[in-house]
Amino acid sequence: MTEDLDHRFSYLTWDQIKILDQVLTEAIPIHGRGNFPTLEVKPKDIIHMVKEQLIEKQIHVRDIRLNGSTASHILVKHNGTSYKDLDIIFGVELPSELEFQVVKEAVLNCLLDFLPKCVNKQKITAQTMKDAYVQKMVKVSTDHDRWSLISLSNNSGKNVELKFVSSLRRQFEFSVDSFQIILDSILAIYTASDRPLTQDCHPAVIAESMYGDFSQAMDHLKYKLISTRNPEEIRGGGLLKYSNLLVRDFKPADEAEIKSLERYMCSRFFIDFPDVAEQQRKIESYLRNHFIGEEKSKYDYLMTLRGVVNKSTVCLMGHERRQTLNMITILALKVLGEQNIIPNAANVTCYYQPAPYISDRNFSNYYIAHGQPPVFYQPYPFHIQLQSGMV
């Protein structure tokens, strides 16, 4: 990469552009619910179509970027990093509710064009397309943040996520996921010609690190190092992502600094999710979205998360901390149960307080379970002492 840009930016090499080209031109299945057919969508095509719709509706598009783990995968492929969601950011102006609505309708109208020709599109409404192909929609409209997200469903977890950003204070969690690849130059080539890119004929593509120092962030990515700035600014503190990086063999770039950062992460997480039930829902949602096809890693992740919370939480009362640790432990045991794995009993000591009705002579403790009910955390006194081998 050349050095003639601001320290936040750098040009992609030809090898990186080849990977980017593959990502943008490879069809991704968007799975429909019910009887709706699977749509084969090339990212470059839906990006172009959405941009044209927005321009037609008088919404200015500043630039279009590839974000997050996909960008990291393109920049450093050999260190084993993978990506699931394809995160596309449209820089747009969203001054009022009307523009939010226009953006939503533009995406849903574009999906219609990907339906098979035999389908009668006249009878299909935007709401129908939303119900059939959209996994989630998010809208944020505050004094500092104005953006919306439309995530298109993929059963293997490789969702196409279209994000429309007017303003967003914090655009990354850690240095290794702070990269954004500016796509406008390569999209212009796709529009102008169908000829494949070559080493002698390809556009200049620029990437930016929102972390601030591109070279330093690249070193972190290459050598699997963990670093961030001001984790208290991140919703949830980056705690769940941090634990995920640890499980994937990333190491802190600064061992001394990370101890302080862990405390900030935990504090922000418990500020944003103060109730144990909220914490459980957030963790379960993270597992569903980030461990598709990696079921065996869930247990390691949960126990890593438990270890961080156990050693770095300073903002909770003792009983609140125990409730959170017990909840995470129960989720970990549930994961083992789902995988039919029995933990080493020598490493587990359980203490529990019998419910009051146990003393009732008419109570029978003989019970046959019909099916496996979902596990929900209840804040009754339940304690699991974890010894070596579980943390």
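Look a little higher up for the structure.
A brief report on the enclosed structure follows. Owing to the predicted nature of the structure, the values given are computational and were not obtained by experimental measurement.

## A short note on the overall build of the protein
Counting its secondary structure elements, the protein contains 12 helices and 14 strands. Surface summary for the protein: the accessible area is close to 20900 Å², and the carbon and sulfur share equals 50%.

## Some points on the environment of Ile-89
Assignment of secondary structure puts Ile-89 in strand E5 (residues 86-92). For the pair formed by Ile-89 and Lys-163, sequence separation is 74 residues and the distance between their alpha carbons is 4.8 Å. The residues contacting Ile-89, other than those within four sequence positions of it, are Asp-63, Ile-64, Arg-65, Asn-67, Lys-163, Val-165, Gln-171 and Gln-180.

## Structural notes on the pattern of salt bridges
Applying the stated criterion across every chain yields a total of 16 salt bridges. Where Glu-233 meets Arg-170, a salt bridge forms, and the shortest distance between an N and an O atom there is 3.2 Å. With Glu-233 in the loop between strand E11 (225-226) and helix H8 (239-247) and Arg-170 in the loop between strand E8 (160-167) and strand E9 (179-182), the pair connects residues that are 63 residues apart, well separated along the chain. Overlapping salt bridges, with partners in common, bring together Arg-8, Asp-63, Arg-65 and Glu-208 in one network.

## Looking at the nonpolar core
Among soluble globular proteins, nonpolar side chains are generally buried collectively. By size, the foremost hydrophobic cluster in this structure holds 101 residues, and its most contacted members are Leu-20, Leu-54, Phe-90, Phe-164, Ile-181 and Leu-183. In this structure Phe-90 touches Ile-47, Val-50, Lys-51, Leu-54, Asp-63, Ile-64, Leu-162, Lys-163, Phe-164 and Val-165, once residues within four positions along its chain are discounted. In this structure, Ile-89, Trp-147, Leu-149 and Val-165 belong to the second largest nonpolar core, which totals five residues.

## Quick word on the sheet that holds strand E7 (residues 146-152)
In a beta sheet, neighbouring strands pair by backbone hydrogen bonds and run either parallel or antiparallel. Spatially, E1-E10-E9-E4-E5-E8-E7-E6 is the arrangement adopted by the eight strands of the open sheet, whose pairing is mixed. Sheet topology places strand E1 (9-11) and strand E6 (134-141) at the edges, where each strand pairs with a single neighbour. Direction aside, the axes of adjacent strands within the sheet are offset by 20 degrees on average. Note: E1 against strand E10 (residues 206-209), three bridges, orientation antiparallel. From the neighbouring strand, Ser-10 faces E10, where its bridge partner is Ala-207. Taken strand by strand, helix H4 (residues 97-112) contacts E6, E7 and E8, and its axis lies near 20 degrees from that of E7.

## Here's the deal with the side chain of Lys-298
Relative to the assigned elements, Lys-298 resides in helix H11 (residues 297-312). With relative accessibility at 12%, the residue Lys-298 sits in the buried group. Not counting chain neighbours up to four residues away, the residues in contact with Lys-298 comprise Leu-287, Phe-291 and Val-335.

## Points about helix H12 (residues 318-338)
A rise of 1.5 Å per residue sets the reference length of H12, with its 21 residues, at 30 Å; its end C-alpha atoms lie 30 Å apart and thus fit the reference within 8%. Listed in full, the buried residues belonging to H12 are Thr-324, Leu-325, Asn-326, Met-327, Ile-328, Thr-329, Ile-330, Leu-331, Ala-332, Val-335 and Leu-336. Once H12 ends, the next one or two residues include Asn-340, with phi positive near 55 degrees.

## With respect to the packing of H11 against H12
At their nearest, the axes of H11 and H12 sit 9 Å apart, and the two run at 170 degrees to each other. In terms of orientation, H11 and H12 fall into the roughly antiparallel class. Contacts between H11 and H12 involve Lys-298, Tyr-299, Leu-302, Met-303, Leu-305, Arg-306, Val-309 and Asn-310 on the former and, on the latter, Arg-321, Thr-324, Leu-325, Ile-328, Thr-329, Leu-331, Ala-332, Val-335 and Leu-336. For the contact of H11 with H12, the class distribution of residues is 11 nonpolar, three polar and three charged.

## Structural notes on the environment of Thr-128
One can find Thr-128 in helix H5 (residues 126-133). When its relative accessible area of 28% is taken as the criterion, Thr-128 is described as partly exposed. Put simply, Thr-128 and Leu-108 are 20 residues apart on the chain and 9.2 Å apart in space, counted from C-alpha to C-alpha. One polar contact links Thr-128 to Thr-125, side chain to side chain, over a distance of 2.9 Å.

## Here we look at the packing of aromatic side chains
Ring pairs (aromatic) are described by centroid distance and by the angle formed between their planes. Evaluated as defined, the whole model comprises nine aromatic pairs. Between Phe-36 and Tyr-133, the ring centres sit 5.9 Å apart and the planes meet at 85 degrees, which makes this aromatic pair edge-to-face. Taken together, the residues span a long stretch of sequence, with Phe-36 in the loop between strand E2 (28-30) and strand E3 (39-41) and Tyr-133 in helix H5 at a distance of 97 residues. Relative to Tyr-242, the ring of Phe-174 has its centre 6.2 Å away and its plane inclined at 25 degrees; by these criteria the two rings are stacked. Linking Phe-174 in the loop between E8 and E9 with Tyr-242 in helix H8, this pair joins segments that are 68 residues apart in sequence. Geometry around Phe-100 places Lys-139 over its ring, the cationic atom sitting 5.4 Å from the centre. Here the guanidinium or amino end of Arg-229 rests over the ring plane of Tyr-211, the centre of that ring lying 4.0 Å away.

Calculation notes
Residues numbered from 1 in each chain as written. Predicted model: local features only at pLDDT ≥ 70, side-chain atom pairs only at ≥ 80, totals over all residues. Heavy atoms only, no water. Helix = DSSP H or I, 4+ residues; strand = E, 2+ residues; numbered from the N terminus. Areas by Shrake-Rupley, 256 points an atom, 1.4 Å probe, with all protein chains shown as cover. Contact = heavy atoms within 4.5 Å. Salt bridge = Lys/Arg side-chain N within 4 Å of Asp/Glu carboxyl O. Core = buried A, V, L, I, M, F, W, Y, C linked by side-chain atoms within 4.5 Å. Buried < 20%, exposed > 50% of the residue type's maximum accessible area, 1.4 Å probe, protein only. Pairing = 2+ DSSP bridges. Axes fitted to C-alpha atoms, helices over the stretch in contact; angles between N-to-C directions. Expected span 1.5 Å × (residues − 1). Parallel < 35°, antiparallel > 145°, perpendicular 65-115°, else oblique. Nonpolar A, V, L, I, M, F, W, Y, C, P; charged D, E, K, R; others polar. Polar contact = N/O pair within 3.5 Å; in protein donor to acceptor, adjacent residues only side chain to side chain. Phe/Tyr/Trp six-rings, centres within 6.5 Å; stacked < 30°, edge-to-face > 60°. Lys NZ or Arg CZ within 6 Å of the ring centre and 35° of its normal.

Worth remembering: the numbers are spatial, not functional.
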